[in-house]
Amino acid sequence: MTIADIVIPRSGAGIKFSYLVPEYLESLAETGKAALVPLKNRTVCGFIYDVKKDAGNPEASFSSKNIKLKSIKGISRARFFDEKHKDIYNFLSRYYHENISGVLDTVLPSIDAKRFGLLDKYYEEAAAAFTASDAGSAAAPENDKASKYGFLSEAPYELTEDQSAAAGIISNAVRSGNYGTFLLHGVTASGKTEIYFNILDLALTLNKQAVILVPEIFITNQFIHLIKKRFKGIVESGGFAVFHSKVSIKEKLVNWMKIMDGNIRLAIGARSAIFAPFKNPGIIIVDEEHDGSYKQQSGLLYNARDFAVMLAKKNSAACVLGSATPSLESYYNATVLKKYEYIHIKNRVKGKTLPEIKIMDLKKEFGSRNVPIKKEFQERLMPDETYQMIKKTVDEKRQVLLFLNRRGFSTFIICSSCGRPFICKNCSISLVYHKTGAGRGKDGGREESGASGYLECHYCGYKEDVPKLCPECGNDSIEPFGAGIQKLEDAVRGLFYPAAGNSGSGGVNIARIDSDIARSKKRGAEIFKKMRKKEIDVLIGTQIAAKGHDFPDIGLVVVVSADGMLNLPDFRSAERAFQSLTQVSGRAGRGETPGVIAIQTFMEGNYLIRYAANHDTLGFYARELEIRDEYGYPPYSRIIALKLTDKDAERLKKTASDIGRAAGMFIESAGFNNINVLGPAPCPIEKIKNDYRYQIIFKARPPYSSLHKLINMLKTDADVSKYFTSQKITVDVDPDVLI
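Not measured: the values here are computed from a predicted model. Along each chain, the written sequence defines residue order, and numbers are assigned to residues from 1. Side-chain atom pairs in this predicted model are given and counted only at pLDDT of 80 or more, local residue features only at pLDDT of at least 70, and totals for whole chains, interfaces and linings cover all residues. As a rule here, side-chain values cover all heavy atoms of the structure and leave hydrogens and water aside.

Student: Could you clarify how one ought to interpret the pairing of strand β27 (residues 675-688) in this entry?
Tutor: The side chains of a regular strand alternate, residue by residue, between the two faces of the sheet. Summarising the sheet, β27 and strand β28 (residues 691-700) pair through eight bridges and their orientation is antiparallel. The residue of β28 that forms the bridge with Asn676 is Lys699. Hairpin connection, β27 to β28: the antiparallel pair is bridged by two residues, and Lys689 has positive phi, about 55°. Think of it this way: DSSP has to see at least two bridges between two strands before they count as a pair. Strands here mean DSSP runs of E at least two residues long; helices mean DSSP runs of H or I at least four residues long; both are numbered from the N terminus.

Student: Explanation requested: the pattern of salt bridges in the structure shown.
Tutor: Between side chains of opposite charge, pairing is possible as soon as their charged atoms come close. Here, a salt bridge means any Lys or Arg side-chain nitrogen found within 4 Å of an Asp or Glu carboxyl oxygen. Applying the stated criterion across every chain yields a total of 30 salt bridges. As a salt-bridge pair, Asp732 and Lys295 come within 3.1 Å of each other at their nearest N and O atoms. A residue pair is termed long-range when its members are at least 10 positions apart, and Asp732 in strand β29 (residues 729-733) and Lys295 in the loop between β10 (281-287) and α10 (304-314) qualify at 437 residues. An identical accessibility class is assigned to Asp732 and Lys295; each is buried. The salt bridge partner of Lys534 is Asp553, with a shortest N-O separation of 3.9 Å. Within this pair, whereas Lys534 is found in the loop between α17 (521-532) and β23 (538-541), its partner Asp553 is found in the loop between β23 and β24 (554-559), the two being separated by 19 residues in sequence. Note on classification: 1.4 Å probe, protein chains only; a residue is buried when its accessible area is under 20% of the maximum for its type, exposed when over 50%, partly exposed between these limits.

Student: Help me understand the sheet that holds β24, please; the structure alone is not making it clear to me.
Tutor: Through backbone hydrogen bonds, the strands of a sheet pair up, either in parallel or in antiparallel fashion. Spatially, β13-β25-β24-β14-β23-β22 is the arrangement adopted by the six strands of the open sheet, whose pairing is parallel. In this open sheet, the two edge strands, each paired with only one partner strand, are β13 (356-361) and β22 (510-513). Pairs of neighbouring strands in the sheet enclose a mean axial angle of 15°, with direction left out of account. The sheet contact formed by strand β14 (residues 399-403) and β24 spans five bridges and is parallel. If you follow Val400 over to β24, its bridge partner there is Leu556. For this analysis, residues touch if any pair of their heavy atoms sits within 4.5 Å. Simply put, an axis is a line fit to the C-alpha atoms, just over the touching stretch for a helix, and the angle between two N-to-C directions goes from 0 to 180 degrees. With respect to the sheet, helix α18 (residues 573-585) is in contact with β13, β14, β24 and β25 (596-601), its orientation differing from that of β24 by roughly 155°.

Student: Just to check I follow, could you spell out helix α7 (residues 217-230) for this structure?
Tutor: For α7, built from 14 residues, the straight-helix expectation of 20 Å at 1.5 Å per residue is met to within 8% by its first-to-last C-alpha distance of 20 Å. Listed as buried for α7 are Ile217, Phe218, Ile219, Thr220, Gln222, Phe223, Ile224, Ile227 and Arg230. An expected span of 1.5 Å times one less than the residue number is assigned to each helix.

Student: Would you take a moment to explain the environment of Glu125 for this structure?
Tutor: Mapped onto the fold, Glu125 is located in helix α4 (residues 119-133). Along the backbone, Glu125 and Met257 are 132 residues apart, and their C-alpha atoms lie at a distance of 9.6 Å.

Student: I tried to follow the pairing of β28 on my own but got confused; where do I start?
Tutor: Within β28, eight of the 10 residues are buried, which leaves the element mostly enclosed by the surrounding structure. Bridge count between strand β26 (residues 638-646) and β28: nine bridges; the pairing is antiparallel. In the strand pairing of β28, Leu644 is matched with Tyr694.

Student: Help me understand the side chain of Asp732 in this model?
Tutor: Look at Asp732 and you get buried, because its relative accessible area is 2%. Engagement of the side chain of Asp732 in a polar contact is seen with the side chain of Lys643, the distance being 3.1 Å. Sequence-distant contacts of Asp732, that is, excluding residues within four places in its chain, are made with Lys295, Leu301, Ile639, Ile640, Ala641 and Lys643. What qualifies as a polar contact is a pair of N or O atoms within 3.5 Å, subject to a donor-acceptor requirement within protein and to the restriction that residues adjacent in sequence count only when both atoms come from side chains.

Student: What exactly am I supposed to notice about the packing of α18 against helix α20 (residues 617-631) here?
Tutor: The packing of two helices is summarised by the inter-axis angle and the distance between the axes. Put simply, α18 and α20 touch, their axes get as near as 11 Å, and they point 170° apart. By the angle between their axes, α18 is roughly antiparallel relative to α20. Facing Ala574, Glu575 and Phe578 of α18, the residues of α20 in contact are Thr617, Phe620, Glu624 and Arg628. Three residue categories are used. Nonpolar comprises Ala, Val, Leu, Ile, Met, Phe, Trp, Tyr, Cys and Pro, charged comprises Asp, Glu, Lys and Arg, and polar comprises the others, including Gly. Tallied by class, the residues present in the contact of α18 with α20 amount to three nonpolar, one polar and three charged. Reported orientations rely on four angle classes, namely roughly parallel under 35 degrees, roughly antiparallel over 145, roughly perpendicular from 65 to 115, and oblique for the rest.

Student: So what exactly am I meant to see when it comes to the nonpolar core here?
Tutor: Looking at soluble globular proteins, one finds that nonpolar side chains tend to be buried together. Among the nonpolar cores identified, the biggest contains 84 residues, and Phe80, Tyr89, Leu104, Leu642, Phe698 and Leu714 are the most heavily contacted of them. Looking at this core, the element that brings in the most residues is helix α21 (residues 649-670), giving seven residues. Those residues in contact with Leu642, other than ones at most four positions away along the chain, are Ile659, Tyr694, Gln695, Ile696, Phe698, Ile711, Leu714, Phe724, Ile729, Thr730 and Val731. Core analysis: the second largest hydrophobic core is formed by 41 residues, Phe551, Val559, Phe620 and Leu625 among them. In plain words, nonpolar cores are sets of buried Ala, Val, Leu, Ile, Met, Phe, Trp, Tyr and Cys residues tied together by side-chain atoms within 4.5 Å.

Pasting the structure below:
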């Protein structure tokens, strides 16, 4: 008799379910295979985690507990993980305090019970693809333009001395088969991608597998284009795979099976690609390693960058963390703790210079008229000098990027008569005004009569129409305040009207890109494609436009409101603002002609803006590390945040108080003197999706093991463990944001 322990990803249970393996399925029963099993009154798909053969008469031992084992209904031919991967999953469960079903729900492809019957068909497709092409042993192309090792086509330029040195250092680790993590800190346009490709070429030649992580799908598309061009042999032989949320379930499953069989050589994707079941990874590259997108915000709250380092260590592989603005944690690990090797590239390729940065002091720019400064900024967004810079750049046939990291038309609306705000009914946050239907009249004037709009919550998605009259006082005095990207788009179109949007000669083509537009993969990709082909003159974008894109014809970048990124209630706000300013500045001057950056601010004396304007990344890091050390924040400490939710505010307050009191007792009794407790307190945004929110923050300087011991004590305590099993508490290890 054989018993299989099954983990059911969507069950929410922290246990493995035991099932009998029918005799006709015993030959298929292996760890890592998908299994179709009954659960209560439905049939679900799980994964075999353990197999116990020759179990004697298990029904007898279970019957004594009034448990009757059910039988497995089906087992796939394909394996989705093996014993080595189980060790990794168990580590994730322990470190992030997530039960094993939650771990597998995140790391493995989602398989619906209705699709189970297709798994064997997909497995045959995956195997058949390599019977013909045998990509696992693809030979290097033989031509005069082959690279140093063989798979990579000729580079578009000769590597600089800095690039060659960086590639050489990392290549030594790949060649030796020893673990090493390298922080590749290169200024924008310093040629990090070409370094990546040279290292990938070596790893592939050594018959090792490689994975590239990127923070955004649109950057993935850019890399895919380059890989298809530069690693043509690998791609055409079927040894290349893509992983991200837009990939179909079938493609994801087939690629997963190919990787398990060792038939995929090179993979690229967003954060979840790090879980692809490689057997022989030689190099893991995390591009834009500082990016917050690598931290999962639901389910298993892992950080793909941190996991990449752990995975490389476990597989004796090399890990490259690349960025023009490394995270403070990575910088500290490399330069102070020496856990990583630090490689600093200070110059752009081909002798290109970093852009000139101008700080536009809005207090002076808008202070010359008899109008309140903030009101004038709200109405005009940019002073005359900025508008003239935009016009001049467009006249020179160069492109302009306008950066404002706020979706919508305005930040909020209120009634100017009675002051009534418009708050989301589900969340304790203002609704954002989005304008729709605005057009232009045939005579060239603004056509406001057709304008309409709606209010949207950017946390829960709730929407409502903008009322014509104030529900509180009945007056027609509802006005938008603050500036969003749609309002900026209107302002810029007004600047170039009537040319803007015209298809005739002399027209100026203006486009907007934000997450609202980017929800459509096709529409977002089309905008970036047009930008590369110089079919867009002025691109107006949020954060999505600042990440890793290479548009060589951008001559001017305008940061419309740097102040909006400052003074957020989070210890990383200064770091994030500096990274955003540096990254968006790096979009300019990547071609033959130098670029210009205009940073608009009311806080021109802020240290962060001064460091960004001087391209002084190391100076900013030194200053920010002093501040972090003084207040005991990472990288000088580790944090675990307990995030509590409940629809009943008073009950939530009691729960938070009970857990806080228990934590204090455990800290004292166990002698965890290195742990500092902040809270319990309401989150800065107290309510989201009708759930009230509290958090308790535990900060600890070394040794960090006390943090995890404390959480385990709370989870097993008789009085407070019930709160954890209710699934109303999220344990966030190494949180990225505390808002």
